[in-house]
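Reading the structure
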Amino acid sequence: MYSLSIVSGFIGGPQVIIILVVVLLLFGGRKIPELMKGLGSGIKEFKNASKEDSEEKLEEKK
């Protein structure tokens, strides 16, 4: 239900800007690149794991 509200437009441009300002105030300018690097590596690991899982399922069906 929550993701549906984002898609239907309840979070707009001003809300995103407010969220970014709050994140900047909480973590500071120096921490944000480190956080994004960690987030990027986490997403990369998730994609690799899901790719390996789908490959294993294909091999099992053969």
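We now turn to the structure provided with this report. Quick caveat: nothing in here was measured; it's all calculated off a predicted structure. (Residues numbered from 1 in each chain as written. Predicted model: local features only at pLDDT ≥ 70, side-chain atom pairs only at ≥ 80, totals over all residues. Heavy atoms only, no water.)

1. Focus: the pattern of salt bridges
Stated precisely, the cut-off is as follows: What makes a salt bridge here is a side-chain nitrogen of Lys or Arg within 4 Å of a carboxyl oxygen of Asp or Glu, nothing more. Here a strand is any run of E in DSSP of at least two residues, a helix any run of H or I of at least four, and the numbering for each starts at the N terminus.
In this structure the tally under the stated criterion is one salt bridge. Two residues, Glu34 and Lys31, come together in a salt bridge whose shortest N-O distance is 3.9 Å. Of the two residues, Glu34 and Lys31 are both situated in helix α2 (residues 13-61); the distance of three residues between them amounts to about one turn of the helix.

2. Quick notes on a negative patch on the surface
Going by this rule: Each patch is built from residues that are more than 30% exposed by relative accessible area and take part in no salt bridge. Like charges join if they lie within 9 Å; nonpolar side chains (Val, Leu, Ile, Met, Phe, Trp, Tyr) join within 5 Å. To be clear on the numbers: accessible area is Shrake-Rupley with a 1.4 Å probe, and residue cover counts the displayed protein chains and nothing else. By the counting scheme adopted, Arg and Lys are positive, Glu and Asp are negative, and His together with the chain ends is not counted. Just so you know, the charge point we use is NZ for Lys, CZ for Arg, CG for Asp and CD for Glu.
The grouping of Glu52, Glu55, Glu56, Glu59 and Glu60 at the surface amounts to a negative patch. Among the secondary structure elements, Glu55 is positioned in helix α2.

3. Looking at α2
Just so we agree on the cut-off: In this scheme, a helix's expected span is set at 1.5 Å multiplied by one less than its residue total. To obtain the bend at a residue, axes are fitted to the seven residues ending there and to the seven starting there, and the angle between these axes is taken.
The terminal C-alpha atoms of α2, which comprises 49 residues, lie only 46 Å apart, well short of the 72 Å expected from a rise of 1.5 Å per residue. The sharpest bend along α2 measures roughly 100° and falls at Gly28.

These values are about where atoms sit, not about what they do.
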